[in-house]
Amino acid sequence: MRSNIISFRFTDAELEALQAFQLSEDKSPSQTAARLLRGMLVGIVEPSTVSSTPVDIKSLVKQEVEASLTEVRSQLEELRGKLKAR
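In what follows, the accompanying structure is described.

How each quantity is defined
- Residues numbered from 1 in each chain as written.
- Predicted model: local features only at pLDDT ≥ 70, side-chain atom pairs only at ≥ 80, totals over all residues.
- Heavy atoms only, no water.
- Helix = DSSP H or I, 4+ residues; strand = E, 2+ residues; numbered from the N terminus.
- Buried < 20%, exposed > 50% of the residue type's maximum accessible area, 1.4 Å probe, protein only.
- Contact = heavy atoms within 4.5 Å.
- Phe/Tyr/Trp six-rings, centres within 6.5 Å; stacked < 30°, edge-to-face > 60°.
- Patch = residues over 30% accessible without salt bridge, like charges linked within 9 Å, V, L, I, M, F, W, Y side chains within 5 Å.
- Areas by Shrake-Rupley, 256 points an atom, 1.4 Å probe, with all protein chains shown as cover.
- Salt bridge = Lys/Arg side-chain N within 4 Å of Asp/Glu carboxyl O.
- Expected span 1.5 Å × (residues − 1).
- Arc of directions from axis to C-beta.

A closer look at the overall build of the protein chain
A tally of regular secondary structure across the protein chain gives three helices and zero strands. In the protein chain, the order of α-helices and β-strands from amino to carboxyl end is α-α-α. When the 86 residues of the protein chain are sorted by exposure, 9% land in the buried category. Within the protein chain, contacts between residues separated by at least 24 positions form 30% of all contacts whose residues are at least 6 apart in sequence.

Here you go:
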């Protein structure tokens with residue numbers, strides 16, 4: 001089967017979102033994007049032409065929870081600083 005190169009640009013925010021889905025076997029953001037797109041194409045394209053890598057849901061959930069906790073901690077620190085200023 002022949003392969004083709006596809007290239008496009010991401011904003012910093014889009015790249016950061018893509019990197020949140022990066023698995024240890026993904027050596028680059030391009031590999032992450034390819035894996036995710038292949039997964040999305042399953043069911044749209046004949047299954048024999050698409051390979052997909054299982055996503056580690058626990059890892060993704062852990063990353064999202066950690067990011068949320070970091071944001072909440074930051075907001076708490078900001079509120080503590082405002083309270084001390086009073």
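The structure having been displayed, the exposition proceeds.
Notes on the packing of aromatic side chains
Applying the stated criterion across every chain yields a total of one aromatic pair. Ring plane angle 75° and centroid distance 5.2 Å describe the contact between F8 and F10, whose orientation is recorded as edge-to-face. Taking the relative accessible area as the measure of exposure, F8 reaches 52% and is therefore exposed.

Let's talk about a nonpolar patch on the surface
Nonpolar side chains collect at one region of the surface, where I6, F8, F10, L15, L37 and M40 lie side by side and expose about 630 Å² of accessible area between them. Positionally, L15 belongs in helix 1 (residues 12–19). The exposure class of L15 is partly exposed, given its relative accessible area of 30%.

Describing helix 2 (residues 29–41)
The first and last C-alpha atoms of helix 2 sit 18 Å apart over 13 residues, in line with the 18 Å expected at 1.5 Å per residue. All of the buried residues in helix 2 are T32, A33 and R35. With its buried residues spanning 165° around the axis, helix 2 presents them on a single face. Check the buried side of helix 2 and you find it contacts helix 1.

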